[in-house]
Amino acid sequence: MTDYKKLGLVNTRELFKKAVGGGYAIPAYNFNNMEQLQAIISGCAESGSPVILQVSSGARKYANQTMLRYMAQGAVAMAREDLKSNIPIVLHLDHGDTYELCVSCIESGFSSVMIDGSSHSYDDNVALTKKVVEYAHKYDVTVEGELGVLGGIEDDVKAEKSNYTKPAEVEDFVKKTGVDSLAISIGTSHGAFKFKLKPGENPPPLRFDILEEVEKRIPGFPIVLHGSSSVPPEYVALCNKYGGKLDNAVGVPEEQLRKAAKSSVCKINIDTDGRLVMTAKIREVFAEKPSEFDPRKYLGPAREALKNLIIHKNREVLGSADKA
Ligand code: G3H
Ligand code: 13P
Ligand code: ZN
């Protein structure tokens, strides 16, 4: 058993309490490789933001679970030793789908896990989530649960269409499971194609009415928004300019995320934007400098662009800058 506290990591409890009270949200950025992790850590250190480093089961398979643990440890050391930053850092399992996966992550030093039982019946979701909470809390690891189903692809869990969270269920779910935070479905979805729009049409607003109903039933309880990439049009255009095919890619407008961050939404998940920005910059280098074949020459600019995007999000969208 690796104790996450010995790795210099924290769980989400204190961070969420401050974020809910302070009207901002903690960013949860996914990573799979070194450049993404460096960009996240340096972007959050430079903007003085607490950060949740988020790992999906796919990321764990891709990067190797042992390598990942040491990468997270390396990220903490880089923040403290090289960047002279004391930002709180959480290592979180994104969309854990089994009890065994959550246990394995906790044993390897994760300070927070999500158990996503949203594809199960309500009663089975309660039972699975409760079981994970009972194990995790023995080690002071915090747990995120989910009620309602997002559209798009949730790791291996495929959902054709979104089923909004039913506010009537949240109080019972939180009470029965003992979860520390709850992901809800209010119109976001995973990936780069969140809304089907006609030309000139704007994305529909998120279902803030559902969020308000949830808040009435569990006041001050930490709420999580998945599928919160904004899919910046300038990066979609850059990608497409250099041979990409991301026509009609559209995300959640930044103003809506800013509004959500001021409520009891205290964790906002972003993966797609990081992928998009890096891919756009890599495409640009490949097209503009076809003789380059040193990975540092294309991964370097991609890393820099991601870092800048993270600073922008923390400062202008989530409001987490200078809250570390
Ligand atoms: O919500 C899912 C995340 O974007 C992780 O995606 O399973 O492809 O790593 P992934
Ligand atoms: P995006 O696909 O909108 O970045 O959402 C990521 C996410 O919710 C990870 O859990
Ligand atoms: Zn998600």
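Every value quoted in this text rests on a predicted model; they were computed, and no experiment measured them.

Draft legend 1. Fine view of the nonpolar core. In terms of nonpolar packing, the biggest core is built from 89 residues, with Phe 31, Val 51, Leu 53, Ile 89 and Leu 182 touching the most fellow members. Other than its neighbours up to four places away in sequence, Ile 89 contacts Leu 9, Val 10, Ile 41, Val 51, Leu 53, Ala 75, Val 76, Ala 79 and Arg 80. Membership of the second largest hydrophobic core comes to 10 residues, among which are Leu 15, Ala 19, Ala 28 and Ile 52.

Draft legend 2. Highlighting the side chain of Thr 165. Structurally, Thr 165 can be placed in the loop between strand S7 (157-159) and helix H7 (167-177). For Thr 165, a relative accessible area of 2% corresponds to the buried category. Here the side chain of Thr 165 touches Leu 147 through a polar contact of 2.5 Å, landing on its backbone oxygen. When neighbours within four sequence positions are excluded, Thr 165 is seen to be in contact with Leu 147, Gly 148, Val 170, Ile 184, Ser 185 and Ile 210.

Draft legend 3. Geometry of helix H9 (residues 233-241). Within the sequence span of H9, burial applies to Tyr 235, Val 236, Leu 238 and Cys 239. Buried residues of H9, seen end-on, are gathered within an arc of 160° and therefore sit on one face of the element. Relative to its buried face, H9 has exposed residues pointing more than 90 degrees away, namely Pro 233, Glu 234 and Lys 241. Where the residues of H9 are buried, they touch helix H11 (272-288) and helix H12 (295-318). Backbone geometry just after H9 places Gly 243 at a positive phi near 100°.

Draft legend 4. Representation of the coordination of the zinc ion (ligand 3) within the structure. In the first shell of the zinc ion (ligand 3), the protein supplies His 95 (NE2), His 190 (NE2) and His 226 (ND1), at 2.1 Å from the metal. The sequence motif formed by the donor residues of the zinc ion (ligand 3) is H-x94-H-x35-H. Highlighted residues: His 95 in strand S3 (residues 89-96) and His 226 in the loop between strand S9 (223-225) and H9, separated in sequence by 131 residues. Judged by its relative accessible area of 5%, His 95 is buried. Judged by relative accessible area, His 226 falls into the buried class, the value being 0%.

Reading guide: rules and limits
- Residues numbered from 1 in each chain as written.
- Chains lettered and ligands numbered in written order.
- Predicted model: local features only at pLDDT ≥ 70, side-chain atom pairs only at ≥ 80, totals over all residues.
- Heavy atoms only, no water.
- Core = buried A, V, L, I, M, F, W, Y, C linked by side-chain atoms within 4.5 Å.
- Buried < 20%, exposed > 50% of the residue type's maximum accessible area, 1.4 Å probe, protein only.
- Contact = heavy atoms within 4.5 Å.
- Helix = DSSP H or I, 4+ residues; strand = E, 2+ residues; numbered from the N terminus.
- Polar contact = N/O pair within 3.5 Å; in protein donor to acceptor, adjacent residues only side chain to side chain.
- Arc of directions from axis to C-beta.
- Donors = N, O, S within 2.8 Å, 3.2 Å for Na, K, Ca; no water.

Purely spatial values, then, with no claim about function.
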